[in-house]
Every structure is written in C-alpha cells, then in structure tokens.
Amino acid sequence: MKTIDREPDDRIRVLTDDGHLREDAEVPDLSDEALVEMYRELKLGRHFDERCVSLQRQGRMGTYPPLSGQEGAQVGSARALAEEDWIFPSYREHVVSHLRGWPLEDILLYWMGTEEGNIAPEEANMFTIAVPIATQIPHATGAAWASKLKDEDRAFLCYFGDGATSEGDFHEGMNFAGVFDVPGVFFCNNNQWAISVPRERQTASETIAQKAHAYGFAGVQVDGMDPLAVYQVTRDAIERAKHPEEAPADQAGWARRPTLIEAVQYRFGAHTTADDPSVYRDDEEVRKWKNKDPIPRMETFLRERGLLDDERVDAIEQEITDEVADAIDAAESHERPDPEEMFASVYADMPKRLEEQLDYVRRLRERHGDDALLES
C-alpha cells in the first residue's frame with residue numbers, strides 16, 4: 001500500500017521524535033550521499049533563517065517570515081520532485097526556493113525590497129512568491145490542468161498553510177483539481193497557527209487531510225518534522241499525479257491524480273518579524289514541539305548509520321556559515337531599490353489609483369527629501 005492510500009488520521013512517520021528508525025518503518029530509497037545532503041539542507045535552512053531574522057532586527061532587511069521548525073517539510077518535499085515538475089509556493093518556502101536553484105542572494109534581495117530577487121531562474125520551474133493567502137492554489141490547479149491537456153509528464157506541487165484552508169481559493173482550487181483530475185499535489189504546512197489563530201479555531205475537521213475526500217481524491221497526514229516521511233509521502237503523491245493508472249481504482253473506475261498532504265509541524269518563531277507570538281502562545285507549547293525538531297532527529301539517524309560524525313558536522317556548519325555570509329555580502333552590495341519601484345511590477349498597465357499613489361509619493365519626496373522620510 002502506498003503511503004497516500006492510508007486513512008487521513010493515520011499519520012505517516014519514519015523516525016521517532018528522537019531520531020531513531022521506527023520499527024514499523026522503512027528508509028526511503030535514497031543514497032547515503034543524498035541523506036547527508038538532506039541534513040546539510042536542513043542546517044542551511046536553519047542558519048539562513050537565523051541570519052535573516054537578525055538582519056531584520058538590525059534594520060538591514062524588511063519584514064521576513066521565519067521558517068525554523070519547518071525545514072523538514074520543505075527539504076523532504078522538494079527533494080521528491082523531478083526537474084520537470086513545478087512548484088507554486090506561498091511566502092515561507094525559502095529552502096524550497098534554494099533547492100530549486102534560486103540563489104540565496106536573490107532570496108535575500110526579495111525580502112530587502114528588490115524586485116530583482118523575485119525573478120525565478122529559468123531552470124527553477126517555480127512560480128513567484130504568493131503573499132496573499134491561498135491565491136496560488138487556483139494558479140497551481142490551472143497550470144496542472146494545462147499541462148495535462150498538453151499531455152506532459154509533469155506534477156505541480158503547491159504549498160500553503162493551515163490558514164489557507166479557510167479561504168475560498170482553497171475550496172475552488174481543490175474542487176476544480178478533483179473534477180478535472182489534474183496532476184496536482186497540494187501541500188498544507190499545518191504549523192498549528194495562522195498568525196494568531198490556532199488550528200482548533202481553523203476547522204472542526206479532525207484532520208485537514210480528510211478534506212480531500214470532499215473533492216474526490218486522496219488525503220494523507222504526515223509528520224512534517226520528519227524529513228524522511230515527508231519525502232516518501234510526497235514521492236508517492238508525485239508518482240500518483242503522473243501515473244494514476246498504477247494506483248487502486250476508485251468507484252468511478254480509476255484513481256484520481258491529485259493528493260492533499262497535511263504536514264503536521266510547528267513554526268518555532270514568529271509568523272513574520274512583525275509578529276509577537278508570546279501574545280498568543282506559551283513557552284511550554286513551544287518547548288514541547290521543539291522536542292520534534294527535524295535537525296537533531298536527522299542527525300541522530302545519520303550518526304546511527306555511520307554517515308555523520310563530529311568532524312563532518314563541523315565541516316558542514318562551517319561551509320554553511322561561509323555560504324550564507326557570502327550571500328548576505330552579495331545582496332547588500334546591490335544598490336537599495338528606489339521607493340517608486342514598489343509600483344512598477346504590480347500590473348502590466350498601471351491603473352489610475354496606483355498612478356495617484358505614485359504621484360503622492362513623488363510629491364512627498366520632493367517636499368521633504370528621502371532622509372527626512374526615512375527618519376520618520
């Protein structure tokens with residue numbers, strides 16, 4: 001039985017919370033080198049995230065959405081894709097972007113307000129960042145349907161948070177995906193909080209995964225802080241999207257291509273750097289979830305297999321420190337964007353209301369000067 005054919009409340013796990021292989025689990029078919037590289041990507045994501053939060057606190061970067069705690073879901077899922085597959089992200093997929101070929105320098109530039117950082121590398125097969133909640137879901141569904149009509153062998157992976165499941169775009173995109181049987185994988189990062197709204201106030205459903213049944217396709221729940229489990233589940237979902245004839249038939253006589261994956265996890269930090277999570281959650285809750293941290297779990301697993309030791313961990317950490325530092329230096333060497341650039345890439349043809357706002361900004365700058373405006 002494929003992992004995605006399990007019941008929605010049968011959460012898929014490969015590792016225990018302390019990183020040992022579960023008795024009822026098998027290690028995904030990955031080389032030793034690939035397993036160590038996954039660990040490096042987890043560590044890179046964590047260090048990059050910590051540096052970005054620090055940059056924002058120092059006034060060197062704008063508002064930034066931290067990802068610490070969610071590295072396992074990002075690395076595991078992105079690793080499961082083939083080069084020809086596509087990704088439709090939300091706004092927190094920094095590690096996913098990097099794994100698909102987005103330079104760290106450009107990811108930094110985007111959050112520093114430079115539109116250049118939002119231009120995807122040609123080979124990345126990745127849509128631009130979606131800050132509005134759930135708008136990327138219909139986009140992913142439409143792209144997947146177009147690909148199916150062209151008889152391409154591609155899958156389309158769409159990321160969103162638990163808060164997005166309360167948006168109309170979620171239901172419309174999912175319903176369309178089921179009806180037209182598109183090669184889509186819908187990846188819900190259930191990190192327990194939609195800003196300050198807890199999971200239990202988001203839906204009365206026992207799981208988010210079970211919502212897939214209303215749209216006629218499979219839904220599965222996975223430990224989102226177990227990168228190996230996430231990899232296996234996403235890999236199975238990608239295979240189903242591309243080759244539905246190899247799956248058990250449903251009542252209509254065939255297996256539908258889409259899958260909804262609910263990756264259960266936790267964001268250790270704030271929703272964004274403009275948020276104070278201590279207002280709505282307590283330290284004990286955070287401590288409990290940190291016991292499931294994907295990085296030490298993966299490290300324990302690799303040490304038990306003889307693939308990691310202290311020397312190699314130190315070398316990886318030094319490589320990452322240097323790589324991130326170089327990316328920051330490169331990003332900060334760019335000229336800061338002109339404030340008027342915020343109006344430039346919103347519409348193909350600027351509507352009148354934006355023209356009026358742009359004129360207002362110009363008048364302010366002319367009257368007061370940029371230095372006075374920055375100080376205020």
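Below, the structure is looked at part by part. Sequence positions are assigned chain by chain, starting from 1 and proceeding in written order. For a predicted model such as this one, the threshold for reporting local features is a pLDDT of at least 70, and the threshold for listing and counting side-chain atom pairs is 80 or more; totals across whole chains, interfaces and linings nevertheless cover every residue. The side-chain figures draw on all heavy atoms in the structure; neither hydrogens nor water molecules are used.

1. Things to note about the sheet that holds strand E1 (residues 86–88)
Inference 1: Any two strands with at least two DSSP bridges between them are considered paired. Helical segments are the DSSP runs of H or I of at least four residues, strand segments are the runs of E of at least two, and each set is numbered from the N terminus. A sheet is described by the order of its strands in space; here five strands give the open sequence E1-E2-E3-E7-E6, paired in parallel fashion. Each of the sheet's edge strands pairs with one partner strand only, and the pair in question is E1 and strand E6 (218–223). Direction aside, the axes of adjacent strands within the sheet are offset by 20° on average.
Inference 2: The sheet strands contacting helix H2 (residues 71–79) are strand E2 (156–161), strand E3 (184–190) and strand E7 (259–264), and the helix crosses E2 at an angle near 170°. Interaxial angle, 0 to 180 degrees, is taken between N-to-C directions of lines fitted to C-alpha atoms, where a helix line uses only the stretch in contact. By the convention used here, residues are in contact when the closest approach between their heavy atoms is within 4.5 Å.

2. Brief notes about the environment of Arg365
Inference 1: Residue placement: Arg365 occurs in helix H12 (residues 352–368).
Inference 2: Note: C-alpha distance between Arg365 and Ala146 (219 residues apart in sequence) is 46 Å.

3. Description of the packing of H2 against helix H8 (residues 227–242)
Inference 1: Contact pair H2 / H8: the axes reach a minimum separation of 7 Å and the direction vectors enclose 35°. Of the two possible hands of crossing, H2 and H8 adopt the one that is right-handed. On the side of H2, the interface is formed by Gly72, Ala73, Gly76, Ser77 and Arg79, while H8 contributes Pro227, Val230, Tyr231 and Thr234.
Inference 2: In terms of residue class, the contact of H2 with H8 is made up of four nonpolar, four polar and one charged. Here is the rule for handedness: rotate from the far helix to the near one, and if that takes an anticlockwise turn smaller than a right angle the crossing is left-handed, while a clockwise turn gives right-handed. For this classification, Asp, Glu, Lys and Arg are treated as charged, while Ala, Val, Leu, Ile, Met, Phe, Trp, Tyr, Cys and Pro are nonpolar and the rest, including Gly, are polar.

4. Points about a nonpolar patch on the surface
Inference 1: Patches draw on residues past 30% relative accessible area with no salt bridge. Two like charges within 9 Å are joined, as are two nonpolar side chains (Val, Leu, Ile, Met, Phe, Trp, Tyr) within 5 Å. All accessible areas in this document rest on Shrake-Rupley with a 1.4 Å probe, and a residue is counted as covered only by the protein chains that are shown. Salt bridges are defined by distance alone: a side-chain nitrogen of Lys or Arg within 4 Å of a carboxyl oxygen of Asp or Glu. On the surface, a cluster of nonpolar side chains totalling about 250 Å² of accessible area is made up of Phe176, Val179 and Phe180.
Inference 2: Here Phe180 shows up in the loop between helix H6 (168–179) and E3.

5. Some remarks on unusual backbone geometry
Inference 1: Even without being glycine, Asn125 reaches a positive phi, approximately 50°.
Inference 2: Along the chain, Asn125 falls in the loop between helix H4 (104–111) and helix H5 (136–149).
Inference 3: Think of it in three bands: residues with accessible area under 20% of the maximum for their type are buried, residues over 50% are exposed, and the middle band is partly exposed, with areas taken using a 1.4 Å probe on protein chains only. For Asn125, a relative accessible area of 13% corresponds to the buried category.
Inference 4: Positive phi values are uncommon outside glycine, yet Asp181 reaches one of about 50°.

6. Quick notes on the state of the cysteines
Inference 1: The definition used for a disulfide is geometric: two cysteine sulfur atoms within 2.5 Å. All told, the structure shown has zero disulfides when counted by the stated rule.
Inference 2: Here Cys158 is not disulfide-linked; the sulfur of Cys188 is the nearest cysteine sulfur, at 10 Å.

7. Observations regarding the packing of aromatic side chains
Inference 1: Working definition: a ring pair exists when centres of Phe, Tyr or Trp rings (six-membered ring for Trp) sit within 6.5 Å. Plane angles under 30 degrees give stacked, over 60 give edge-to-face, the rest tilted. Counting across every chain of the model gives 14 aromatic pairs.
Inference 2: Seen from their ring centres, Trp145 and Phe180 are 4.5 Å apart, and the 45° between their planes marks the pair as tilted. Here Phe180 lies in the loop between H6 and E3 and Trp145 lies in helix H5, a separation of 35 residues in the sequence.
Inference 3: When the ring centre of Phe268 is taken as origin, the NZ or CZ atom of Lys290, which lies over that ring, is 5.5 Å away. In this scheme, the term charge over a ring applies when either NZ of a lysine or CZ of an arginine sits within 6 Å of the ring centre and within 35 degrees of the ring normal.

8. Side note on the environment of Glu115
Inference 1: Within the secondary structure, Glu115 sits in the loop between H4 and H5.
Inference 2: When the C-alpha positions of Glu115 and Arg240 are compared, they lie 36 Å apart, and in sequence the two are 125 residues distant.

9. Focus on H4
Inference 1: Summarising burial for H4: seven of the eight residues are buried, a large majority.
Inference 2: Inspection of H4 places Leu104, Asp106, Ile107, Leu108, Leu109, Tyr110 and Trp111 among the buried residues, and these make up the whole buried set.
Inference 3: If you follow the buried residues of H4, they end up packed against helix H1 (32–57), helix H3 (94–99) and helix H11 (310–332).

10. Thoughts on the nonpolar core
Inference 1: Think of a nonpolar core as a cluster: buried Ala, Val, Leu, Ile, Met, Phe, Trp, Tyr and Cys residues, connected wherever their side-chain atoms sit within 4.5 Å. Grouped together as the largest cluster of nonpolar side chains are 68 residues, with contacts concentrated most on Leu108 and Met298.
Inference 2: Here the element with the most residues in this core is H1; it accounts for 10 residues.
Inference 3: Leaving out residues up to four positions away in the same chain, Leu108 has contacts with Phe48, Cys52, Leu55, Met61, Ala327, Ile328 and Ala331.
Inference 4: By size, the runner-up hydrophobic cluster in this structure holds 20 residues, among which are Phe156, Cys158, Phe186 and Leu260.

11. Observations concerning the pairing of E3
Inference 1: Where burial is concerned, most of E3 is hidden: seven out of the seven residues are buried.
Inference 2: Relative to E3, E2 runs parallel, the two sharing six bridges. Counterpart to Gly161 in the pairing with E3 is Asn189.
Inference 3: Between the parallel pair E2 and E3, the chain is carried across by H6, and the sense of this crossover is right-handed. Viewed with both strands pointing away, a crossover whose connecting path from the first strand over the helix to the second turns clockwise is right-handed.

12. Brief notes about the packing of H1 against H11
Inference 1: Packing of H1 against H11 leaves a shortest axis separation of 9 Å and a crossing angle of 45°. Between H1 and H11, the crossing angle belongs to the class labelled oblique. Crossing of H1 over H11 shows right-handed handedness. Side by side, H1 and H11 meet where Val36, Tyr39, Arg40, Lys43, Leu44, His47, Phe48, Arg51 and Leu55 of the first sit next to Arg312, Val313, Ile316, Glu317, Glu319, Ile320, Thr321, Glu323, Val324, Ala325, Ile328 and Glu332 of the second.
Inference 2: Tallied by class, the residues present in the contact of H1 with H11 amount to 11 nonpolar, two polar and eight charged. Any angle between 65 and 115 degrees counts as roughly perpendicular, while under 35 counts as roughly parallel, over 145 as roughly antiparallel, and the rest as oblique.

These figures capture arrangement, not role.
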